[in-house]
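As a plain string of letters, each chain reads:
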Amino acid sequence: MGELNKIKFNILNQLHGLCAHCSTNSQKAHRCPVREISARVQSLRGVPLIVNSEFKGVLFPRV
């Protein structure tokens, strides 16, 4: 797993815990703003910037 994917995975896990319904795996239908944010984080694409074997950020392509 790449460094960018590891960071996105950690962010998604933390976001998942912010919604009471999602964190308890409730099957109750609800409008979840956390799910919308999670989808945006998952869609991030770019080139990881690594300096001296340390992740420094992401270079995003121009659209």
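Below is a short write-up of the structure. None of these values were measured; they are calculated from a predicted model. (Residues numbered from 1 in each chain as written. Predicted model: local features only at pLDDT ≥ 70, side-chain atom pairs only at ≥ 80, totals over all residues. Heavy atoms only, no water.)

Here we come to helix H1 (residues 3-16). Compared with an ideal rise of 1.5 Å per residue, which puts 14 residues at 20 Å, H1 spans 20 Å between its outermost C-alpha atoms and is within 8% of the ideal. Those residues of H1 not exposed but buried are Leu-4, Lys-8, Leu-12 and Leu-15. Projection of H1 onto a plane perpendicular to its axis shows the buried side chains occupying an angular sector of 70°, all on one side. Buried residues belonging to H1 abut helix H3 (33-42), strand S1 (47-51) and strand S2 (54-59). (Helix = DSSP H or I, 4+ residues; strand = E, 2+ residues; numbered from the N terminus. Expected span 1.5 Å × (residues − 1). Buried < 20%, exposed > 50% of the residue type's maximum accessible area, 1.4 Å probe, protein only. Arc of directions from axis to C-beta. Contact = heavy atoms within 4.5 Å.)

Looking at H3, one finds that the buried residues are Val-34, Ser-38 and Val-41. End-on view of H3: buried residues confined to an arc of 60°, all on one side of the axis. For H3, the elements touching its buried residues are H1.

Our focus in this paragraph is the pairing of S2. Inspection of the sheet shows S1 paired to S2 by five bridges, in the antiparallel sense. Of the residues in S2, the one forming a bridge with Val-47 is Leu-59. Connecting S1 to the next strand, S2, in antiparallel fashion are two residues, including Asn-52 with a positive phi near 50°. (Pairing = 2+ DSSP bridges.)

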